[in-house]
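The lines below spell out each chain.
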Amino acid sequence: KQEVTQIPAALSVPEGENLVLNCSFTDSAIYNLQWFRQDPGKGLTSLLLIQSSQREQTSGRLNASLDKSSGRSTLYIAASQPGDSATYLCAVRIAGGGADGLTFGKGTHLIIQP
Amino acid sequence: GAGVSQSPSNKVTEKGKDVELRCDPISGHTALYWYRQSLGQGLEFLIYFQGNSAPDKSGLPSDRFSAERTGGSVSTLTIQRTQQEDSAVYLCASSLVRSRADTQYFGPGTRLTVL
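In what follows, the accompanying structure is described. Owing to the predicted nature of the structure, the values given are computational and were not obtained by experimental measurement.

1. Focus: the state of the cysteines
Covalent bonding between the sulfur atoms of two cysteines is what defines a disulfide. Applying the stated criterion across every chain yields a total of two disulfides over all chains. Covalent S-S linkage joins A:Cys23 and A:Cys90, the inter-sulfur distance amounting to 2.0 Å. Between A:Cys23 and A:Cys90, the S-S torsion sits near -60 degrees, and that sign places the bridge as left-handed. Placement of the pair is A:Cys23 in strand β3 (residues 19-25) and A:Cys90 in strand β9 (residues 86-94), with a sequence separation of 67 residues. Each member of the pair, A:Cys23 as well as A:Cys90, is classed as buried. With its sulfur 1.8 Å from that of its partner, B:Cys23 forms a disulfide with B:Cys92. A torsion of -65 degrees about the S-S bond marks the disulfide between B:Cys23 and B:Cys92 as left-handed. A residue pair is termed long-range when its members are at least 10 positions apart, and B:Cys23 in strand β3 (residues 19-24) and B:Cys92 in strand β9 (residues 88-95) qualify at 69 residues. Given the relative accessible area of 0%, B:Cys92 is considered buried.

Structure, rendered in structure tokens:
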């Protein structure tokens with residue numbers, strides 16, 4: 001059974017710092033990996049989607065990498081801002097079989113101090 | 001354009017009662033997903049629809065849970081004889097096509113509290 005782990009569970013840093021969030025998964029047979037952001041009382045917003053054949057994706061100050069063979073992904077946030085404060089979730093879509101849902105980690109709760 | 005909408009946003013019910021949760025996907029999206037987010041448990045996949053059919057019901061936690069989708073659009077998740085452990089945020093997502101490469105767009109969720 002696929003398991004997704006995110007480290008750290010919580011992180012608090014001063015504004016302006018660059019930071020890295022980590023995600024690991026136990027089964028490397030995945031179609032893709034997504035990073036989401038969740039704000040309190042709101043749904044999930046997709047940030048980046050990396051296909052299994054890709055190594056990284058970039059959007060603005062965000063860069064996500066994928067090392068499928070080692071079962072790891074990182075989300076790099078450059079020049080953090082207070083508006084980046086949220087919970088960041090990593091999710092994988094497993095390959096094969098009939099499962100079509102995403103398997104999520106429990107998230108990293110990020111606070112950017114002004 | 002309009003995103004995924006869910007109703008109600010909050011639902012408080014008594015143990016043993018039935019509840020219905022509604023999801024309106026993005027117009028034109030053929031794939032629809034239900035997830036549950038429990039405190040300390042993270043997000044769990046419940047069920048997936050392609051059109052009106054549900055080829056994957058593997059995530060439904062018990063036979064008290066059922067879901068349907070009509071007209072390839074609105075979906076309803078029904079929980080019968082609710083238990084306190086059913087308390088969670090229920091999230092719905094939709095995607096344009098049945099493709100594992102497709103991004104899922106999430107609604108704001110329904111927070112269910114079972115007393």
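2. Remarks on the interface of chain A and chain B
A common way to state how big an interface is: give the accessible area lost once the parts meet. Listed per partner, the contact involves 24 residues of chain A and 21 residues of chain B. For the pair chain A and chain B, the two sides together bury roughly 1,700 Å², of which 49% comes from carbon and sulfur. Taken together, the connections running from chain A to chain B amount to zero salt bridges. Here chain A and chain B share three residue pairs in polar contact (both at pLDDT 80 or more) between them. Secondary structure elements with two or more residues in the side of chain A that touches chain B: β4 (30-38), β5 (44-51), β9 and β10 (102-104) of chain A. Of the residues forming the side of chain A that touches chain B, the biggest block, five residues, is contributed by β4(A). Grouping the amino acids of the side of chain A that touches chain B by side-chain chemistry returns nine nonpolar, 11 polar and four charged.

How each quantity is defined
- Each chain carries its own residue numbering, running from 1 in the written order of its sequence.
- Both sets of labels track the order of writing: A upward for chains, 1 upward for ligands.
- Since the coordinates come from a predicted model, pLDDT governs what is reported: local features require at least 70, and pairs of side-chain atoms require 80 or more to be given and counted, while whole-chain, interface and lining totals use all residues.
- Side-chain descriptors were evaluated using all non-hydrogen atoms of the structure, hydrogens and water having been removed beforehand.
- When two cysteine sulfur atoms lie within 2.5 Å, the pair is treated as a disulfide.
- Helix numbers and strand numbers start at the N terminus; a helix is a DSSP run of H or I with at least 4 residues, a strand a run of E with at least 2.
- Buried residues are those whose accessible area, probed at 1.4 Å on protein chains only, stays under 20% of the maximum for their type, while exposed residues exceed 50% and partly exposed ones sit between those limits.
- Note on contacts: a residue pair qualifies if any of its non-hydrogen atoms lie within 4.5 Å across the two residues.
- Two parts placed together each lose some accessible area under a 1.4 Å probe, and adding up what both lose gives the buried area.
- Any carboxyl oxygen of Asp or Glu that lies within 4 Å of a side-chain nitrogen of Lys or Arg is treated as forming a salt bridge with it.
- We call two N or O atoms a polar contact when they sit within 3.5 Å, provided that within protein one can donate a hydrogen and the other can accept it, with sequence-adjacent residues counted only if both atoms are side-chain atoms.
- Amino acid classes used here: Ala, Val, Leu, Ile, Met, Phe, Trp, Tyr, Cys and Pro are nonpolar; Asp, Glu, Lys and Arg are charged; the rest, including Gly, are polar.

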